[in-house]
Amino acid sequence: HLMSFSASFFSLTIPSRASCFESYDIISQCTSADLSMPLEKTYVQGFNGRLVFAIAAAALGSSFQHGYNTGVVNAPQKLIEDWITMVEYNRTQTEVTQTKVTMIWSIAVSIFCVGGMIGGAITGLVAEKFGRKKGLLINNILVVFAAVFQGASKAAGSFEMIIIGRFFIGINSGLNAGLAPMYLAEISPVHLRGAVGTVYQLVITISILVSQILGLESILGTAESWPTLLALTIVPAIFQVFTLPLCPESPKYLLLSKGQEMEAQKSLTWLRGTIEVHDEMDDMRAEFESMKLVPKVTLRDLFVNASLRIPLIIAMMIMIGQQLSGINAVMFFSTKIFMMAQLDDKNAQYATLGMGAVNVFMTIISMVIVEKAGRKTLLLLGFTGMCITTVLLTICLAYVNCIILTIFSLRIINYINMAGSCRWS
């Protein structure tokens, strides 16, 4: 500050006496009006390179896992089921029924969600004990285990290794689903939090599309290459391990949870690309002081206290509605469903790819309209649309395949544009 002040001081020119009196008259006229006006806080607006880098490091390394492992099992399902049949036959030397194979495959797919529930349940503990940034970095240990188990499953002749790997990556994704949006929201300026919150959903949809492209028969969707397809989940983890350490911890966490005011200010200064962060720090200090007066909330208080119970019920209903909307079945088994609708293997994969492209496109649209239309309106429209398309999908499943594809596309539009993005923001 002293160096910049000195440079500015010595660059000044001394005004003439006449100009001094003229300036005095102008100041006198403005002072009375200006003093009556309330002071407005000024905040650093918009994105900058450092903030974008931090968002990319947090989102690409976390939500990519979530999306990639949601979509990666879709295209190679038949290949892996055939391998499971062969492994089980070699073990028992008896004929393996399709029912048994379907059961094993269903466990391998759904265990991802079980792990996700566990990861989501411990998000609060990890976030407070290690912080948002360190929690995301430590979480990548699970990715290494998952990649090793899934990548080596075929060589070891063990479908159980796929199940274990999917369980580990499920825990990782559950933690990411809590830690990453938390970090993104806390490093973003207030007026950008809605748009930045949808970045998590955008990266999920992009990673689903990437997994579907890589799963094509012409790339990694072959009997020899599907273990590599599953093991590629380690790539975004490597990206995050090298990029996220270059970013600061959440300034809000440093101040509110750790009471480290100087570290919080350094973090905010880095993220905003300027030292003019005093007003934003004042707001966080005020929040910090007010939190000292508020007693700690227990799990029982969330259900007993009406002021806490209502937001809890709203949050739970949004997430439950999303989970029960059927979108997971679409993402996990769309290729199989398209084959049931009389499409051959190749066309079913391309139909799934088209669905993934619609997924990404509508997420981008939702980023634009979420702040203008409002979250409640979009949620209501989205859930209504998904209810209608679910009924139509059930009725038309036995009919023309183009109808199935159209309904799937409408379903994705309703989910992403309305319900998918709003829950993260």
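Once a new chain begins, its residue numbering starts again from 1 and follows that chain's sequence as written. Whole-chain, interface and lining totals are the exception, using all residues; otherwise, since this is a predicted model, local features are given only for residues with pLDDT of at least 70 and side-chain atom pairs are given and counted only at 80 or more. Only hydrogens and water are removed before side-chain values are computed, so all heavy atoms of the structure are retained for them.

Under an unreviewed UniProt entry, the name given to the protein chain is Major facilitator superfamily (MFS) profile domain-containing protein, and the organism recorded is Diploptera punctata. UniProt positions are given in the numbering used here, feature names are shortened, and annotations may be inferred rather than shown by experiment. In its Sequence similarities (unreviewed entry) section, the UniProt record describing the protein chain reads: "Belongs to the major facilitator superfamily. Sugar transporter (TC 2.A.1.1) family." The heading Subcellular location (unreviewed entry) in the UniProt record of the protein chain holds the text "Cell membrane".

J.: Please clarify how helix 10 (residues 193-214) should be interpreted in this entry.
T.: Residues that lie three or four places apart on an α-helix share one face, since the helix turns once every 3.6 residues. By the criteria applied, helices consist of DSSP H or I runs no shorter than four residues and strands consist of E runs no shorter than two, each listed in order from the N terminus. The span expected for a helix works out to 1.5 Å for each residue beyond the first. For helix 10, built from 22 residues, the straight-helix expectation of 32 Å at 1.5 Å per residue is met to within 8% by its first-to-last C-alpha distance of 32 Å. Axes are fitted to the seven residues ending at a residue and to the seven starting at it; the angle between these axes is taken as the bend at that residue. Roughly 25° is the biggest bend found in helix 10, and it falls at Tyr200. The rule is simple: take the accessible area with a 1.4 Å probe, protein chains only, and divide by the maximum for that residue type; under 20% is buried, over 50% is exposed, in between is partly exposed. Extensive coverage of helix 10 is indicated by the burial of 16 of its 22 residues.

J.: Looking at this model, I keep getting lost on the pattern of salt bridges. Mind explaining?
T.: Oppositely charged side chains may form a pair once their charged atoms are brought near each other. In what follows, salt bridge is the name for a side-chain nitrogen of Lys or Arg lying within 4 Å of a carboxyl oxygen of Asp or Glu. On inspection of all chains with the given rule, the structure shows nine salt bridges. Note that Glu186 and Arg132 form a salt bridge whose closest N and O atoms lie 2.9 Å from each other. Taken as a pair, Glu186 in helix 9 (residues 160-187) and Arg132 in helix 7 (residues 132-151) lie far apart in primary sequence, 54 residues in all. Both residues of the pair, Glu186 and Arg132, belong to the buried class. With a closest N to O distance of 2.6 Å, Glu261 and Arg285 form a salt bridge. With Glu261 in helix 14 (residues 261-272) and Arg285 in helix 15 (residues 278-293), this residue pair connects regions lying 24 residues apart in the sequence. Salt bridges sharing partners connect three or more residues here, namely Glu128, Arg132 and Glu186.

J.: In this structure, what is going on with the UniProt feature "transmembrane region" (unreviewed entry) in the protein chain? I would like to understand it.
T.: In this structure's numbering, the residues bearing the UniProt feature "transmembrane region" (unreviewed entry) are residues 103-125, 137-157, 163-184, 196-214, 226-247, 310-330 and 350-370. Between the C-alpha atoms that bound residues 350-370 the distance is 30 Å, and the span itself is 100% helix and 0% strand.

J.: Explanation requested: the layout of surface pockets in the structure shown.
T.: To find leftover empty space, one rolls a probe the size of a water molecule over the atoms. Each cavity reported here is a set of points on a 1 Å grid over the protein atoms alone in which a 1.4 Å probe fits but cannot get out, each pocket an open set with protein on both sides within 12 Å along at least five of seven lines, and each lining residue one with an atom within 4 Å of a point. Grid points are joined across faces, edges and corners, and a volume is the space filled by probe spheres set on the points. Taken as a whole, the second largest pocket encloses approximately 330 Å³ of empty space. Residue lining of the second largest pocket: 19 residues in total, with Ala75, Lys78, Leu79, Met339 and Asp345 positioned closest to the centre. Listed by contribution, the elements that provide at least two residues to the lining of the second largest pocket are helix 4 (77-92), helix 5 (98-121), helix 18 (327-340) and helix 19 (345-373). Looking at side-chain class alone, the lining of the second largest pocket contains five nonpolar, eight polar and six charged residues. Note on residue categories: nonpolar means Ala, Val, Leu, Ile, Met, Phe, Trp, Tyr, Cys or Pro, charged means Asp, Glu, Lys or Arg, and polar means any other residue, Gly included.

J.: Help me understand the side chain of Gln65 in this model?
T.: Here Gln65 lies in helix 3 (residues 49-71). Apart from the residues lying within four places of it in its own chain, the contact partners of Gln65 are Val143, Ile169, Asn172, Ser173, Asn176, Thr233, Pro236 and Ala237. Only heavy atoms enter the contact rule, under which two residues are in contact if any of them lie within 4.5 Å.

J.: It is not clear to me how the nonpolar core should be interpreted in this structure. Could you clarify?
T.: For this analysis, a nonpolar core means a set of buried residues of the types Ala, Val, Leu, Ile, Met, Phe, Trp, Tyr and Cys, connected via side-chain atoms within 4.5 Å. Grouped together as the largest cluster of nonpolar side chains are 60 residues, with contacts concentrated most on Trp83 and Ile84. Here the element with the most residues in this core is helix 9; it accounts for 11 residues. Every residue in contact with Ile84, bar those within four places of it in the chain, is listed here: Val101, Ile104, Trp105 and Phe159. Judged by nonpolar contacts, the second largest core, of 10 residues, contains Tyr253, Leu255, Val277 and Met284.

J.: Even after reading the chapter, I still don't get the environment of Glu95, so can you show me in this structure?
T.: For Glu95, the position within the fold is in the loop between helix 4 and helix 5. Looking at Glu95, the relative accessible area reads 75%, which means it is exposed. In sequence terms Glu95 and Thr85 are 10 residues apart; their C-alpha atoms lie 8.8 Å from each other.

J.: Which parts of the structure should I look at to understand the environment of Ser325?
T.: Along the chain, Ser325 falls in the loop between helix 17 (306-323) and helix 18. The spatial distance from the C-alpha of Ser325 to the C-alpha of Phe383 is 7.8 Å, given a sequence separation of 58 residues.

J.: Can you help me understand the side chain of Arg166 in this one?
T.: With respect to the element layout, Arg166 can be found in helix 9. Counted charges follow a simple rule, with Lys and Arg positive, Asp and Glu negative, and His plus the chain ends left uncounted. Buried charge without a partner: Arg166 forms no salt bridge, and the closest opposite charge is Glu81, 13 Å away. The residues contacting Arg166, other than those within four sequence positions of it, are Asn69, Val72, Val73, Ala108, Val109, Ile111, Phe112, Gln150 and Phe332.

J.: Would you take a moment to explain a nonpolar patch on the surface for this structure?
T.: For patches, a residue must show more than 30% relative accessible area and have no salt bridge; joins then use 9 Å for like charges and 5 Å for nonpolar side chains, namely Val, Leu, Ile, Met, Phe, Trp and Tyr. For the area figures, the Shrake-Rupley method with a 1.4 Å probe applies, and any residue is considered shielded solely by the protein chains shown. A surface patch of nonpolar side chains, about 830 Å² in accessible area, is lined by Leu299, Phe303, Val304, Ile313, Met316, Met317, Ile320 and Leu324. Broken down by element, the nonpolar patch gets its largest block of residues, four residues, from helix 17.

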